[in-house]
Amino acid sequence: MQERPELKLSGALDLAPALESHKVKVPEHCGHYIDGALRLGKPETYFSNLNPSTGMPLGTVAAADEEEVDQAVKAARAAFPGWSGLSGLERGKYLFRIARRMQERERDLAVVETIDNGKPIRETRDIDVPLAAGHFFYYAGWADKLEYASGGKPVRPLGVAGQIVPWNFPILMLAWKLAPALATGNTCVIKPAETTPLSAMLLAEILDEVGLPKGVVNIVNGPGTTGAAIVNHPDIDKISFTGSTPVGRMIMKSIAGSGKKATMELGGKSANIVFADAALDQAVEGVVTGIFMNQGHVCCAGSRLLVEESIKDEFLARLKRRILTLKIGDPLDKNTDIGAINSPKQFATVQRYIKLGVEEGGTLWQGAACDAPDEGFWVLPTLLTDVHPSDTVVREEIFGPVLSVLTFRTPDEAVQKANNSEYGLAAGVWSEKTSKLFSVAHRLNAGVIWVNGYNMFDPASPFGGMRHSGFGREGGVAGLWPYMEVVR
Ligand code: NAP
Ligand code: MG
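Keep in mind that this is a model prediction, so the values were computed, not measured. (Residues numbered from 1 in each chain as written. Chains lettered and ligands numbered in written order. Predicted model: local features only at pLDDT ≥ 70, side-chain atom pairs only at ≥ 80, totals over all residues. Heavy atoms only, no water.)

### So, the coordination of the magnesium ion (ligand 2)
In step 1: For the magnesium ion (ligand 2), every protein donor is listed as Asn-49 (OD1), Leu-50 (O), Asp-116 (O), Asp-116 (OD) and Thr-195 (O), and the spread of their distances is 2.2 to 2.6 Å.
In step 2: When the donor residues of the magnesium ion (ligand 2) are listed from N- to C-terminus, their spacing reads N-L-x65-D-x78-T. Of this pair, Asn-49 sits in strand β4 (residues 47–51) while Asp-116 sits in helix α3 (residues 106–117), placing them 67 residues apart in sequence.
In step 3: Among the residues examined, Asn-49 registers a relative accessible area of 3% and is labelled buried.
In step 4: Residue Asp-116 is classed as buried on the basis of its relative accessible area, which comes to 0%. (Donors = N, O, S within 2.8 Å, 3.2 Å for Na, K, Ca; no water. Helix = DSSP H or I, 4+ residues; strand = E, 2+ residues; numbered from the N terminus. Buried < 20%, exposed > 50% of the residue type's maximum accessible area, 1.4 Å probe, protein only.)

Structure (structure tokens):
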């Protein structure tokens, strides 16, 4: 018999890691992007940034102080006459270029976002990044049609916009804020959240690659103190904030009487109402998407399930069966459904609420298709049943994969319970009966209402809340209005 030749490797193969790997090189020391240039921060201000799915440090981030924020605002102010003086058509071309370059670099953006934030690559790849590019495409189309958006009246931009975003949708929130501001001719100083600076650094590269005039967009990294420096800067004309209701309230107090305009996209505790006549398997999918997408780190998460009493047992059985198919684990694995909780701080918050839910008398159920990894920050999809409308876990925003389950008997009771919240961001209604859908949706106090669906977003569709969920809209034609004023 012929001997088989021995297979010998001459040495270690030097293959670069596949892009979807925790070993990819990410920006290690995030500074700031001011006046068209990436800058180092002040050395003493750097703090650590984590990969929440491994718990390992990814690098460091600088915290911009008042002096650096002032430099960013001055750069934005200096760029304002040139940028607002361009024709809408020319501004639109820049937005188109940004959108296209984001598409070209979508894999980079998706991987970096997943590593920094912990959310599944399936979501960053298929939702966050395409939608972010979509917002630039959408507002590019509006840039030379602003008078149509204002009912035929001549409009002008407000000036320098100060914009502050949270960590749950880092690149998407940057796009939601920058695209309409730029289309209308404003210049921007924007702050990413302290735990998710990386995709903003890639965006700075993209802005550079498309030749956006310097100073039109300035990115300052840092924690809440950096945000406060933007809010309090005297030469800012408009604040656009997305984040928690308590911080939004603080910002409104500090700009009171300053003449600064504001848009507030705040928290929520949204109801997902399932009637007995709904297509139950579709409703189960909608409930899962509503609360477990992005680990429940979603302002409009359907975190209160209101299910008609007659189908409660059947519906919960189906829901649990579905939850037991959800894969929790490495967010870079394209099969993963549930990624990591974004930070140790948020992990502690979610755990505290789950404990409280049990102390308040709730029944805890947790499940998934597999165990969570040992390293990193993980919470299994969680249901809290036997809870009451007055319980803390039913009233307060948890911002994690925790669903409180309540029941109702009549459409009136469903509406009353859904509206029994200080928030008013979103709601979902599930029924086969269109007349019921309309009559219930019409009576819900929420900025966004989905029927037979949940967490569906489109750049052309306005998004925003009422009551303690804030005011102003992002997306759609309504998203232009907070960034321009009618010339009198
Ligand atoms: P957060 O603590 O309010 O932070 C939001 C942003 O504000 C971050 O960039 C934060 O900085 C910054 N910030 C903190 N203190 C500040 C201050 N005193 N002045 C100015 N800026 C300050 O909220 P979060 O925990 O990051 O995000 C989750 C919240 O956002 C949830 O309540 C969620 O519902 C809400 N959210 C709402 C929407 C919406 O469209 N309605 C969308 C997404 C999220 P650092 O984090 O860097 O310290
Ligand atoms: Mg991070």
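### A word on the pairing of strand β10 (residues 238–242)
In step 1: When you tally the buried positions in β10, you get 5 out of 5 residues, the bulk of the element.
In step 2: Going residue by residue along β10, you find Lys-238, Ser-240 and Thr-242 tucked away on one face and Ile-239 and Phe-241 tucked away on the opposite face as well.
In step 3: As defined by bridge partners, strand β7 (residues 160–164) adjoins β10 across 4 bridges and the pair is classed as parallel. Across the sheet, residue Gln-163 finds its bridge partner in β10, namely Ser-240. (Pairing = 2+ DSSP bridges.)

### Here's the deal with the side chain of Asn-221
In step 1: Structurally, Asn-221 can be placed in the loop between β9 (217–219) and α8 (224–232).
In step 2: You can call Asn-221 buried: its relative accessible area is 0%.
In step 3: The residues contacting Asn-221, other than those within four sequence positions of it, are Cys-30, Gly-31, His-32, Val-61, Ala-62, Ala-63, Ala-64, Pro-192, Pro-197, Met-201 and Thr-226. (Contact = heavy atoms within 4.5 Å.)

### With respect to the layout of surface pockets
In step 1: Considered as a void within the structure, the second largest pocket measures approximately 240 Å³ in volume.
In step 2: What lines the second largest pocket is a set of 14 residues, among which Arg-122, Glu-123, Val-288, Thr-289 and Met-293 lie closest to the centre.
In step 3: Elements with a minimum of two residues in the lining of the second largest pocket: α4 (121–142) and α10 (280–292).
In step 4: For the lining of the second largest pocket, the class distribution of residues is 6 nonpolar, 2 polar and 6 charged.
In step 5: Two domains each donate at least three residues to the lining of the second largest pocket, and these are domain 1 (29–266 + 468–486) and domain 2 (271–458). (1 Å grid on protein atoms, 1.4 Å probe; cavity = no way out; pocket = protein on both sides within 12 Å on 5 of 7 lines; lining within 4 Å. Points joined across faces, edges and corners; volume = space filled by probe spheres on them. Nonpolar A, V, L, I, M, F, W, Y, C, P; charged D, E, K, R; others polar. Domains from an automatic or database assignment.)

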